[in-house]
Amino acid sequence: MDGADAPVIEVDGIVTRFGAQTVHDGVSFGVGRGTLVGLIGASGTGKSVLLREIIGLQRPTAGRVRLFGQDVWSAAPDDLDALRQRFGMMFQDGALFSSLSVAQNIAVPLHEHTRLSVPTIEALVALRLRQAGLPLDAGAKRPSELSGGMRKRAAIARAIALEPEVLFLDEPTSGLDPITARAFDRLVRSLVDDLGLTVFLVTHDLDTLLTVVDRLIVLARGKVLADGPVPEVMRVDDPWLREYFSVRTMVRDGS
């Protein structure tokens, strides 16, 4: 397998235990470049925990995580820091600095990790605002002055500030109304199609799964229950999956 075809995310035999509780018991999958992959599972299956393990914020009990071919948990601190500059992360609540303007939020990683001049950083901030679908004047506002959808877009703008190759999203449409959520989905899809990013997202949003996701990974009972295109996963004969899709389809259709 050459570099172009190698997975950018590799999760190999991950085990996660909290005391006597086993959350993950041998979770393995790989994610190729330029794809939009969704991760779902019932409450308590450790979706967000797995996300933190992948990006190097929480050490698993056993197993290996590789990003761009590099082992996250054996990397030296400098190597891990360089690795983190190659991906962006948007947490569920956006995690924007409330005391800073949107533009200042987006500029934080540029100031921390580059030696670019102030005019260059300002130009890049304006570009990221446009790429996230925000008007330029949104940059002067504080996060509290934005709607929920605009705050999510501001968080995306900050996450892509350093031109990452991979973007991780934790419940990106949570708390958004359906129209705003679908607009956000189209934004995320455009990041894959137009910018070539790889996107890995945790979600429960059925519309997101049915309209923009290329591939779906399902966690259940500590392992990967299903992995493939959404229509294929929907045909898996499992009680939780049947209930998941049937209940959400009824809600989606207004039944």
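Quick caveat, the model's predicted, so the values are computed rather than measured. (Residues numbered from 1 in each chain as written. Predicted model: local features only at pLDDT ≥ 70, side-chain atom pairs only at ≥ 80, totals over all residues. Heavy atoms only, no water.)

Caption draft 1: Focus on the environment of alanine 103. Turning to its location among the elements, alanine 103 is positioned in helix H3 (residues 102–113). For alanine 103, a relative accessible area of 24% puts it in the partly exposed group. On a C-alpha basis, the gap between alanine 103 and serine 147 in space is 16 Å, while along the polypeptide they are 44 residues apart. (Helix = DSSP H or I, 4+ residues; strand = E, 2+ residues; numbered from the N terminus. Buried < 20%, exposed > 50% of the residue type's maximum accessible area, 1.4 Å probe, protein only.)

Caption draft 2: Structural context of the packing of aromatic side chains. This structure, assessed with the given rule, holds 5 aromatic pairs. The interplanar angle of 10° and the centroid separation of 5.8 Å between the aromatic rings of phenylalanine 29 and phenylalanine 200 together place this pair among those described as stacked. Pair noted here: phenylalanine 29 is in strand E2 (residues 21–31) and phenylalanine 200 is in strand E8 (residues 198–202), with a separation of 171 residues, a long-range link. On the basis of relative accessible area, phenylalanine 29 is assigned to the buried category, the value being 7%. Relative to phenylalanine 245, the ring of tyrosine 244 has its centre 5.0 Å away and its plane inclined at 90°; by these criteria the two rings are edge-to-face. We note that tyrosine 244, like phenylalanine 245, is buried. (Phe/Tyr/Trp six-rings, centres within 6.5 Å; stacked < 30°, edge-to-face > 60°.)

Caption draft 3: Structural detail: helix H6 (residues 178–195). Over its 18 residues, H6 extends 25 Å from the first C-alpha to the last, a length consistent with the 26 Å expected when each residue adds 1.5 Å. All buried positions along H6 are accounted for by Ala181, Arg182, Phe184, Asp185, Leu187, Val188, Arg189, Leu191 and Val192. Between the side-chain oxygen at the start of H6 and the backbone nitrogen of isoleucine 179 there is a gap of 3.1 Å, and the oxygen is on aspartate 177. Two residues or fewer after H6 comes glycine 196, characterised by a positive phi angle close to 75°. (Expected span 1.5 Å × (residues − 1). Polar contact = N/O pair within 3.5 Å; in protein donor to acceptor, adjacent residues only side chain to side chain.)

Caption draft 4: How the structure looks around the sheet that holds strand E9 (residues 215–220). Pairing in this open sheet of 6 strands is mixed, and the strands run E6-E7-E8-E3-E9-E10 from one edge to the other. Both edges of this open sheet fall to strand E6 (87–90) and strand E10 (223–228), since each of them pairs with a single strand only. With strand direction ignored, the average angle separating the axes of adjacent strands in the sheet is 15°. Inspection of the sheet shows strand E3 (residues 36–41) paired to E8 by 4 bridges, in the parallel sense. Paired with leucine 39 across the bridge in E8 is valine 202. Contacting E3, E6, strand E7 (166–170) and E8, H6 runs over the sheet at an angle of about 130° to E3. (Pairing = 2+ DSSP bridges. Axes fitted to C-alpha atoms, helices over the stretch in contact; angles between N-to-C directions. Contact = heavy atoms within 4.5 Å.)

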